[in-house]
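Listed here are the chains, written in short residue letters.
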Amino acid sequence: MRVSLQSEPFDPGTELTAFSTATQGVGAIVSFSGIVRDTDGTLEAMEIEHYPGMTERALQSHAQKAVQKFGLSGVLIIHRYGRLTPGEPIMMVATSAPHRQAAFEGADFLMDFLKSRAPFWKKEHRADGADWVDAKTTDEAALDRWT
Amino acid sequence: MRVSLQSEPFDPGTELTAFSTATQGVGAIVSFSGIVRDTDGTLEAMEIEHYPGMTERALQSHAQKAVQKFGLSGVLIIHRYGRLTPGEPIMMVATSAPHRQAAFEGADFLMDFLKSRAPFWKKEHRADGADWVDAKTTDEAALDRWT
Amino acid sequence: MIEILYFAWLRERIGIPRETWTTEAKTVNDLVDELRAREERYVMAFEDTTSLRVALDQELAEFDAPLEGVREVAFFPPMTGG
Amino acid sequence: MIEILYFAWLRERIGIPRETWTTEAKTVNDLVDELRAREERYVMAFEDTTSLRVALDQELAEFDAPLEGVREVAFFPPMTGG
């Protein structure tokens, strides 16, 4: 289990190779990467604020929860903070398990958590100003799937 | 969209990096890798037979189907055949999309197809003999989710 | 004349990966009956067609599908890819 | 004495990321009432607490949660990670 909260860029492929090498004896590995997306050509940067201290604790505790709930063999969570530009990876999760369903569900579960339970806030910077990204009610509702 | 049917080994992380670089402007990338698993320490090799000609057609047509059904920006399918040893990646799929749900569902859909609609057959070689892997009825049933 | 292909344990049971066959069969089921009438190994291989799959010209099909115009028939057990 | 932290637009609206505050409040709601009584910017920031979240000692909590023993209270909008 590895959790990394970082301002530095990362390459999801390189991380996937390291994760695969570290978790032996599994049958299935799922990865998800989220990338800064410039939907209309006006996004200059995505700023990510977080709650130092709480963030690390929340990521660790949810990684552990995912391991227990789905019987995962390994979990990787990387989440960046600070100022990111379009095209850069924001975060990634990877899960490994004996079988496919656990790996898929574990990754999906971690994503639902990261979207609405980990203390991160996104702000979009454009030429004409900056706006905080609104939380989606669908993200909040998605969490109900796991209870 | 890239489909590769190959006997050569591959590294999922390296492939993920290449796939991410090739598909610009997306917000979400999901990957799944399946790895030869030696459950009880007796597996010497996994032999994968396929139907040359039909396999390539089936992979191409299902990659296209996934792109249309989920509005994917990119699809990667790699599947090996021949003799593989425990720990080696058998196959991988990767999907990219504007949003997370499409990328997850597209990858899940492709996996359901590969499990029971692509003409591959697995044979396990052990010290005491070789056996064809039985198809799982759950894999067949999983396809009903998409109709 | 059609080309018949066999895969996995079906190939092993019949002993050959492919053969050319002159047939009068209208459907896949008819063809299976013709093959069963040839030799014991075909009877054994096609004992239970519900546990088999068939592809016509490289597309999955049903056992009651017509064979008209088909050049390649493949028989195999349920697939186990992924 | 408790440490109060603000994040995202709440931090911007209040104008500071954190402050130390001496409180008599029994619950988070009581604390919010105390803050609102201080200055207009707190009234604005805490106008609608249903659109806010709170963490007590770095664990998510409800607004009716007791403050006894709590050293750090954080207020913020719904999270948008991932």
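For clarity, every value in this text was computed on a predicted model and none was experimentally measured.

Along its length, chain C carries three helices and five strands. Seen in sequence order, chain C has helices and strands lined up from the N terminus as β-α-β-α-α-β-β-β. A compact globule built from 82 residues should have a C-alpha radius of gyration of about 12 Å, and chain C, at 12 Å, falls within 12% of that. Dimensions of chain C along its principal axes, counting C-alpha atoms only, are 30 × 30 × 20 Å. For chain C, the residues scored as buried account for 48% of the 82 residues in total. When contacts within chain C are restricted to residue pairs at least 6 apart in sequence, those whose partners lie at least 24 apart make up 49%. Surface summary for chain C: the accessible area is close to 4200 Å², and the carbon and sulfur share equals 49%. Averaging the locations of the 9 positively and 17 negatively charged side chains of chain C gives two centres separated by 4 Å.

It is worth spelling out the sheet that holds strand β7 (residues 120-126) of chain B at this point. Note on sheets: strands pair through backbone hydrogen bonds, and any given pair is parallel or antiparallel. Residue and element names in this part refer to chain B. The strand order β5-β3-β7-β8 describes an open sheet built from four strands, whose pairing is antiparallel. Each edge of the open sheet carries a strand with a single partner, namely β5 (82-84) and β8 (129-132). Here the strands of the sheet are splayed against their neighbours by 25° on average, with no regard to which way each runs.

The next thing to look at is the arrangement of the chains. Out of three pairs of chains that touch, the pair holding the most contacts is chains A and B. With no contact formed, the shortest span from any C-alpha in chain A to any C-alpha in chain C equals 10 Å. Without any contact between them, chain B and chain D keep their closest C-alpha atoms 10 Å apart.

On to the sheet that holds strand β4 (residues 74-80) of chain B. Across the sheet, eight strands lie side by side as β1(A)-β4(A)-β6(A)-β2(A)-β2(B)-β6(B)-β4(B)-β1(B); this open sheet has mixed pairing. Every interior strand has two partners, whereas the edge strands, β1 (2-6) of chain A together with β1 (2-6) of chain B, have only one. Strand-to-strand, the axes of this sheet are offset by a mean angle of 5°, without reference to chain direction. Contacts from helix α1 (residues 12-22) of chain B reach β2 (28-35) of chain A together with β1, β2 (28-35), β4 and β6 (89-97) of chain B within the one sheet, and its direction differs from that of β6(B) by about 25°.

Tallying the contact residues gives 29 residues for chain B and 29 residues for chain A. Counting each side, the surface lost to burial between chain B and chain A is near 2400 Å², with a carbon and sulfur contribution of 54%. Ranking the residues of chain B by area buried against chain A places Arg37(B), Arg100(B) and Phe104(B) at the top, with a combined share of 29%. The interface formed by chain B and chain A includes four salt bridges. Put simply, Asp112(A) and Arg100(B) hold a salt bridge, and the shortest N to O gap is 2.7 Å. Counting the contacts that link chain B with chain A gives nine residue pairs in polar contact (both at pLDDT 80 or more). Those elements that place two or more of their residues in the side of chain B that touches chain A are α1, β2 and α3 (100-116) of chain B. At eight residues, the largest contribution of residues to the side of chain B that touches chain A is made by β2(B). Residues that form the side of chain B that touches chain A fall into these classes: 12 nonpolar, nine polar and eight charged.

Let us now look at helix α2 (residues 28-36) of chain D. Residues and elements named next belong to chain D. For α2, every residue scored as buried is listed here: Val28, Leu31, Val32 and Leu35. An end-on view of α2 places all buried positions within 100° of arc, on one side of the element. Along its buried surface, α2 packs onto β1 (2-6), β2 (18-21), α3 (40-45), β3 (53-56) and β5 (72-76). The opening residue of α2 is Thr27, an N-cap whose side-chain oxygen sits 3.3 Å from the backbone nitrogen of Asn29.

Our focus in this paragraph is the environment of Val26(A). Looking at the secondary structure, you find Val26(A) in the loop between α1 (12-22) and β2. Non-local contacts of Val26(A), meaning those with residues more than four positions away in its chain, are made with Ser73(A), Ser96(A), Ala97(A), Ile35(B) and Arg37(B).

What follows covers the interface of chain A and chain D. In this complex, chain A contributes 26 residues to the contact, which on the side of chain D involves 22 residues. Carbon and sulfur atoms supply 55% of the area that chain A and chain D bury against each other, a total of about 1900 Å² over both sides. Between chain A and chain D we count three salt bridges in total. The partner of Glu49(A) in a salt bridge is Arg11(D), and the shortest N-O contact between them spans 2.5 Å. For the interface between chain A and chain D, the tally reads 14 residue pairs in polar contact (both at pLDDT 80 or more). Those elements giving two or more residues to the side of chain A that touches chain D turn out to be β3 (43-50), α2 (54-70), β6 (89-97), α3 (100-116) and β7 (120-126) of chain A. Of the residues that constitute the side of chain A that touches chain D, the class distribution is 14 nonpolar, four polar and eight charged.

Turning our attention to the pairing of strand β5 (residues 72-76) of chain C. Residue and element names in this part refer to chain C. With five of five residues buried, β5 is to be regarded as a mostly interior element. Alternating residues of β5 divide into Glu72, Ala74 and Phe76 and Val73 and Phe75, and every residue in both groups is buried. Pairing geometry for strand β1 (residues 2-6) and β5, over four bridges, is parallel. Considered in β5, the bridge of Ile4 is made with Val73. When strand β3 (residues 53-56) meets β5, the two strands line up antiparallel, connected through four bridges. Paired with Ala55 across the strands is Ala74, a residue of β5.

This next bit is on the confidence of the model for chain C. Of all residues in chain C, 100% attain a pLDDT of 70 or more, and the chain-wide mean is 97. Confidence metrics for the complex model read pTM 0.94 and ipTM 0.93.

What counts and what doesn't
- Residues numbered from 1 in each chain as written.
- Chains lettered and ligands numbered in written order.
- Predicted model: local features only at pLDDT ≥ 70, side-chain atom pairs only at ≥ 80, totals over all residues.
- Heavy atoms only, no water.
- Helix = DSSP H or I, 4+ residues; strand = E, 2+ residues; numbered from the N terminus.
- Rg over C-alpha atoms; globule rule 2.2 N^0.38 Å.
- Buried < 20%, exposed > 50% of the residue type's maximum accessible area, 1.4 Å probe, protein only.
- Contact = heavy atoms within 4.5 Å.
- Areas by Shrake-Rupley, 256 points an atom, 1.4 Å probe, with all protein chains shown as cover.
- Lys, Arg positive; Asp, Glu negative; His and termini not counted.
- Charge placed at Lys NZ, Arg CZ, Asp CG, Glu CD.
- Pairing = 2+ DSSP bridges.
- Axes fitted to C-alpha atoms, helices over the stretch in contact; angles between N-to-C directions.
- Buried area = accessible area lost by both parts, 1.4 Å probe.
- Salt bridge = Lys/Arg side-chain N within 4 Å of Asp/Glu carboxyl O.
- Polar contact = N/O pair within 3.5 Å; in protein donor to acceptor, adjacent residues only side chain to side chain.
- Nonpolar A, V, L, I, M, F, W, Y, C, P; charged D, E, K, R; others polar.
- Arc of directions from axis to C-beta.
- pLDDT = per-residue confidence, 0-100.

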